[in-house]
Amino acid sequence: MKDTILVIGSSGQIGTELVMDLRSLFGNNHVIASDIRPSISKELLESGPFEIIDVMDQNRLIEVVKKYKVTQVYLLAALLSATAEKNIELGWSLNMQSLSNVLDLARHKHIKKVYWPSSIAVFGPTTPQTFTPQHTIMDPNTVYGISKLAGERWCQYYYDKFDVDVRSLRYPGLIGWKAAPGGGTTDYAVHIFHEAIKNNKYQSFLSPDTTLPMMYMNDAIRATIEIMESPSENVKIRSSYNIAGLSFNPQELSQEIKNYFPNFEMSYQEDYRQEIANSWPKSMDDSIATKDWNWKSEFDLKKMTADMIKNLKK
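Below you will find a few notes about this structure. (Residues numbered from 1 in each chain as written. Predicted model: local features only at pLDDT ≥ 70, side-chain atom pairs only at ≥ 80, totals over all residues. Heavy atoms only, no water.)

## Re the sheet that holds strand β8 (residues 169-171)
Counted only if it meets this: Criterion used throughout: strands pair if DSSP finds at least two bridges between them. Comment: elements are numbered from the N terminus, with helices defined as DSSP H or I runs of at least four residues and strands as E runs of at least two. In this analysis, two residues are considered to be in contact whenever any of their non-hydrogen atoms come within 4.5 Å of each other. Axis geometry follows a simple rule: fit a line to the C-alpha atoms, using only the stretch in contact for helices, then measure angles between N-to-C directions, giving values from 0 to 180 degrees.
Strand order in this open sheet of three strands is β6-β8-β12, and the pairing throughout is parallel. At either end of the open sheet lies a strand with only one pairing partner, and these are β6 (118-119) and β12 (241-242). In terms of strand pairing, β8 meets β12 through two bridges, oriented parallel. Looking at the pairing, leucine 169 lines up with tyrosine 241 of β12. Sheet strands touched by helix α8 (residues 217-229): β8 and β12. Its angle to β8, the strand with the most contacts, is close to 170°.

## Notes on the sheet that holds strand β13 (residues 246-248)
Across the sheet, which stays open at both edges, the three strands sit in the order β9-β11-β13 with mixed pairing between neighbours. In this open sheet, the two strands that pair with only one neighbour each are β9 (173-175) and β13. Strand after strand, the sheet turns through a mean of 45° between neighbouring axes, direction not considered. When β9 meets strand β11 (residues 212-216), the two strands line up parallel, connected through three bridges. Opposite leucine 174, over in β11, you have methionine 215 as the bridge partner. Packed on one face of the sheet, α8 meets β9 and β11 and runs near 80° to β11.

## Considering the layout of surface pockets
Leftover empty space is mapped by rolling, across the atoms, a probe with the size of a water molecule. Note the cut-off: Every definition here rests on a 1 Å grid over the protein atoms only: cavities are sets of points where a 1.4 Å probe fits but cannot get out, pockets are open sets enclosed by protein on both sides within 12 Å along at least five of seven lines, and lining residues have some atom within 4 Å of a point. Grid points are joined across faces, edges and corners, and a volume is the space filled by probe spheres set on the points. Here the term charged refers only to Asp, Glu, Lys and Arg, the term nonpolar to Ala, Val, Leu, Ile, Met, Phe, Trp, Tyr, Cys and Pro, and the term polar to all other amino acids, Gly among them.
Quantified by volume, the largest pocket comes out at close to 1100 Å³. Contributing to the lining of the largest pocket are 49 residues, with Gly12, Gln13, Ala78, Leu80 and Gly182 lying nearest its centre. Looking at the lining of the largest pocket residue by residue, the class counts come to 26 nonpolar, 18 polar and five charged.

## A few points about the pairing of strand β2 (residues 31-35)
Put simply, the test is: When accessible area is computed with a 1.4 Å probe and restricted to protein chains, residues below 20% of their type maximum are described as buried, those above 50% as exposed, and intermediate ones as partly exposed. A clockwise course of the path from the first strand over the helix to the second, judged with the strands pointing away from the viewer, identifies a crossover as right-handed.
Burial analysis of β2 places five of its five residues in the buried class, which makes it a mostly covered element. Pairing of strand β1 (residues 5-8) with β2, which is carried by four bridges, proceeds in the parallel orientation. Its bridge partner being in β2, valine 7 is matched across the sheet by alanine 33. Handedness of the crossover joining β1 and β2 through helix α1 (residues 13-26): right-handed. For the segment spanning β2, helix α2 (residues 42-47) and strand β3 (residues 50-52), crossover handedness is right-handed.

## Considering the environment of isoleucine 175
Position of isoleucine 175 relative to the elements: it lies in strand β9. A residue is classified by how much of its surface remains accessible, and isoleucine 175, at 0% relative accessible area, is buried. Residues isoleucine 175 and asparagine 218, spaced 43 residues apart in sequence, show a C-alpha to C-alpha distance of 8.9 Å. With sequence-adjacent residues up to four places away left out, isoleucine 175 is seen in contact with Gln13, Ala189, Val190, Phe193, Met214, Met215, Tyr216, Met217, Phe248, Met304 and Met308.

## As for the pairing of β11
With respect to burial, β11 is a largely interior element, five of its five residues being buried. Residues Leu212, Met214 and Tyr216 point to one face of β11 and Pro213 and Met215 to the other, with burial holding for every one of them. Direction of pairing for β11 relative to β13: antiparallel, over a ladder of three bridges. Along β13, the bridge assignment pairs proline 213 with serine 247.

## Re the packing of aromatic side chains
Applied cut-off: Pairing of aromatic rings covers Phe, Tyr and the six-membered ring of Trp, with a centre-to-centre limit of 6.5 Å; geometry is then stacked below 30 degrees between planes, edge-to-face above 60, and tilted otherwise. Only Lys NZ and Arg CZ are tested; either one counts as a charge over a ring when it is within 6 Å of the ring centre and within 35 degrees of the ring normal.
All chains considered together, the criterion is met by eleven aromatic pairs. Judged by centre distance (4.7 Å) and plane angle (55°), the rings of tyrosine 216 and phenylalanine 299 are tilted. In this pair, tyrosine 216 is assigned in strand β11 and phenylalanine 299 in the loop between α11 (287-293) and α12 (301-313), connecting sequence segments 83 residues apart. Neither tyrosine 216 nor phenylalanine 299 differs from the other in exposure class; each is buried. An aromatic cluster is present here, built from Trp154, Tyr157, Tyr158 and Phe162 joined pairwise through their rings. Positioned above the aromatic ring of phenylalanine 162, the side-chain terminus of arginine 107 is 4.1 Å from the ring centre. It is lysine 303 that lies over the ring of phenylalanine 299; its NZ or CZ is 4.7 Å from the centre.

This is the structure:
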């Protein structure tokens with residue numbers, strides 16, 4: 001029997017692209033998009049089912065799961081790092097209760113498989129910053145990071161205690177052209193492209209030499225689907241896997257953009273997000289993901305910049 005997939009948080013930066021890729025693989029009617037408010041994506045609404053769901057409402061979740069005979073849930077709804085710092089109660093309650101509700105769906109056999117994203121925000125000031133290992137010190141100092149670390153432990157717990165087939169990736173900063181970023185600390189790496197094309201200048205809220213792990217959206221979507229489609233025995237880590245794409249800082253990115261816009265001007269005005277970025281790794285060791293389920297990224301800085309500019313110019 002073909003799987004039926006529910007994507008919760010389908011209007012976000014990841015969800016918009018993930019839904020369309022899943023529909024091309026599983027068929028339009030086998031992938032249900034959902035969010036707390038109607039989607040603004042015409043393509044997403046016209047290509048398959050869409051449901052309004054508040055992920056905090058367990059009864060509504062079960063209702064939609066039963067209506068479509070859902071077998072897999074991709075839970076993408078969350079308050080991201082910068083946004084959660086401004087509303088810590090909502091950041092904690094949304095990020096934790098949403099995961100708890102979806103894990104319980106699997107625990108009580110309403111669904112078979114769960115995907116939930118973690119983040120490099122689980123690491124902190126005393127984590128080794130270069131080539132951060134899979135297993136290391138994790139001392140997050142943001143609401144988002146604390147909720148993601150707690151979430152990783154919940155995923156492991158539900159796998160160990162209730163045999164819930166849950167899978168997860170620690171996303172680095174994600175860069176894509178199809179949807180606006182959702183309030184993260186790495187958002188500058190998306191905004192900069194829009195501003196370069198529109199105004200030929202950009203003011204970064206991070207310092208020129210703030211190197212962070214990043215990933216182009218094409219790689220992130222592919223990694224997400226690959227881990228979910230891997231045989232269960234190959235997925236040996238049930239908390240969350242490190243995955244790596246590329247690492248760069250605002251200065252390096254601006255230099256690459258200048259190859260396309262020679263008069264592009266970059267300025268810097270650090271804000272509260274600088275402190276968050278300072279506690280995160282500069283690069284990630286994803287060798288365990290490579291060993292377990294053959295993960296490999298495809299986009300470097302040059303290839304990503306070319307693709308972003310080509311698509312945004314359209």
